[in-house]
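Spelled out from the first residue to the last, the chains are:
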Amino acid sequence: MKPPRLSVIIPTLNEADGIEATLTALLGLWGCGVEIVVVDGGSEDATVALARPLASQVIDSPPGRARQMNAGARASHGERLLFLHADSRLPKRADQRVERALAGSHCWGRFDVRLAGRHPLLPIIAFAMNRRSRLTGIATGDQALFMTREAYEAVGGFPEQPLMEDIAMSQRLKRLSRPACLRARVTTSGRRWEKHGAWRTIRLMWRLRWRYWRGETPETLAREYRHVR
């Protein structure tokens with residue numbers, strides 16, 4: 001059987017409240033031959049049971065987003081890989097957009113992001129995220145990173161660290177090519193900013209990124225991030 005052109009890999013942990021909606025939104029892609037792989041990190045709710053009828057496969061993994069995404073990549077069969085957060089929605093015909101983006105000189109890329117929610121700062125935060133990503137060539141997981149399998153394997157996959165794995169992966173992939181920055185938008189939940197306060201969350205994320213760039217370990221930063229959250 002010919003392998004799928006694209007595998008969408010979704011790490012989950014206690015996502016029962018939203019996983020059905022996420023996977024239902026992907027049924028059109030599944031019907032077009034896109035592989036949908038859910039990688040569960042030990043959910044204690046009904047995430048796995050709800051996901052099984054709506055995914056190509058559901059596998060178990062030790063917890064940790066990077067570890068789960070790597071497990072999904074190993075279990076998948078697609079020539080191209082897309083890593084999607086469990087609370088995110090892809091734009092229409094995301095498979096065709098990815099295929100066109102990777103047909104030229106780019107071996108990886110990401111979408112623009114839109115933050116769903118009521119806080120008036122969410123559109124501004126999303127604009128800043130997208131603008132910063134274009135300037136730096138660094139993408140975040142909220143932007144649904146995608147890449148060829150060849151590029152994924154060339155950089156050794158995601159570094160299995162507890163925080164900033166998307167930043168580190170972008171740095172690895174930038175050695176191969178600049179990212180394809182698609183203007184089509186992934187819609188992701190703004191719950192983090194609404195729950196903890198927009199300005200407080202912005203300050204926290206910038207402080208953590210600054211300290212990461214200065215050389216502090218992801219393990220140290222992850223302990224503070226969990227404490228603050």
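Before going into details, it helps to say that this report is about the structure given with it. For clarity, every value in this text was computed on a predicted model and none was experimentally measured.

About the criteria used
- Residues numbered from 1 in each chain as written.
- Predicted model: local features only at pLDDT ≥ 70, side-chain atom pairs only at ≥ 80, totals over all residues.
- Heavy atoms only, no water.
- Helix = DSSP H or I, 4+ residues; strand = E, 2+ residues; numbered from the N terminus.
- Rg over C-alpha atoms; globule rule 2.2 N^0.38 Å.
- Buried < 20%, exposed > 50% of the residue type's maximum accessible area, 1.4 Å probe, protein only.
- Pairing = 2+ DSSP bridges.
- Contact = heavy atoms within 4.5 Å.
- Axes fitted to C-alpha atoms, helices over the stretch in contact; angles between N-to-C directions.
- Salt bridge = Lys/Arg side-chain N within 4 Å of Asp/Glu carboxyl O.
- Phe/Tyr/Trp six-rings, centres within 6.5 Å; stacked < 30°, edge-to-face > 60°.
- Core = buried A, V, L, I, M, F, W, Y, C linked by side-chain atoms within 4.5 Å.
- Polar contact = N/O pair within 3.5 Å; in protein donor to acceptor, adjacent residues only side chain to side chain.

## Quick word on the overall build of the protein chain
Along the backbone of the protein chain there are 11 helices and eight strands. Taken against the 2.2 N^0.38 rule, which gives 17 Å for 229 residues, the C-alpha radius of gyration of the protein chain at 17 Å falls within 12% of a compact globule. Projecting the C-alpha coordinates of the protein chain onto the three principal axes gives extents of approximately 50 × 40 × 35 Å. Per-residue burial over the protein chain gives 54% buried out of 229 residues.

## Comments concerning the pairing of strand β6 (residues 108–116)
Counted residue by residue, β6 has seven buried out of nine residues, so it is predominantly covered. Taken together, the two bridges between β6 and strand β7 (residues 146–148) define a ladder with antiparallel strand orientation. For Gly 109, the partnering residue across the bridge sits in β7 and is Phe 146. With eight bridges joining them, β6 and strand β8 (residues 180–189) adopt parallel strand pairing. Its bridge partner being in β8, Gly 109 is matched across the sheet by Ala 180.

## Digging into the sheet that holds strand β4 (residues 80–83)
Reading across the sheet, the eight strands line up as β3-β2-β1-β4-β7-β6-β8-β5 and stay open at both edges, with mixed pairing between neighbours. The sheet terminates laterally at β3 (57–60) and β5 (88–89), the two strands that pair on one side only. Sheet contacts for helix α5 (residues 94–101): β1 (6–12), β4, β6, β7 and β8; angle to β8, the most-contacted strand, approximately 150°.

## Description of the pattern of salt bridges
Counting across every chain of the model gives seven salt bridges. In this structure, Arg 5 engages Asp 95 in a salt bridge whose closest nitrogen and oxygen atoms are separated by 4.0 Å. Pair noted here: Arg 5 is in the segment before β1 and Asp 95 is in helix α5, with a separation of 90 residues, a long-range link. Of the residues examined, Arg 5 reaches a relative accessible area of 39% and is grouped as partly exposed. A salt bridge links Glu 160 to Arg 67; its shortest N-O distance comes to 3.7 Å.

## Quick notes on the environment of Arg 207
Within the element layout of this structure, Arg 207 appears in helix α10 (residues 198–213). In this structure the C-alpha to C-alpha distance between Arg 207 and Leu 173, which are 34 residues apart in sequence, comes to 24 Å.

## Describing the packing of aromatic side chains
Aromatic ring pairs are reported here in terms of the distance separating the ring centres and the angle at which the planes meet. With the rule as written, the count across this model stands at three aromatic pairs. Summarising the aromatic geometry, the rings of Phe 111 and Phe 146 are spaced 5.5 Å apart at their centres and angled 65° between planes, so their arrangement reads as edge-to-face. Placement of the pair is Phe 111 in strand β6 and Phe 146 in strand β7, with a sequence separation of 35 residues. Under the relative-accessibility criterion, Phe 111 is labelled buried at 0%. Using a relative accessible area of 0% as the deciding quantity, one classes Phe 146 as buried. One aromatic cluster is present, formed by Phe 83, Tyr 152 and Phe 158 through successive ring pairs.

## Looking at the nonpolar core
If you look at the biggest cluster of nonpolar residues, it comprises 30 residues, and the most contacted ones within it are Val 8, Leu 23, Leu 26, Leu 82, Leu 90 and Phe 111. Looking at this core, the elements with two or more residues in it are β1, α1 (19–24), β2 (35–40), α3 (47–51), α5 and β8. Of the residues forming this core, the biggest block, four residues, is contributed by β8. Those residues in contact with Phe 111, other than ones at most four positions away along the chain, are Leu 82, Leu 90, Pro 91, Ala 94, Arg 97, Val 98, Gln 143, Ala 144, Phe 146, Leu 182, Ala 184 and Val 186. Judged by nonpolar contacts, the second largest core, of 21 residues, contains Phe 83, Val 155, Phe 158 and Leu 173.

## Description of the side chain of Thr 187
Mapped onto the fold, Thr 187 is located in strand β8. For Thr 187, the side chain forms a polar contact with the side chain of Arg 114, separated by 3.5 Å.

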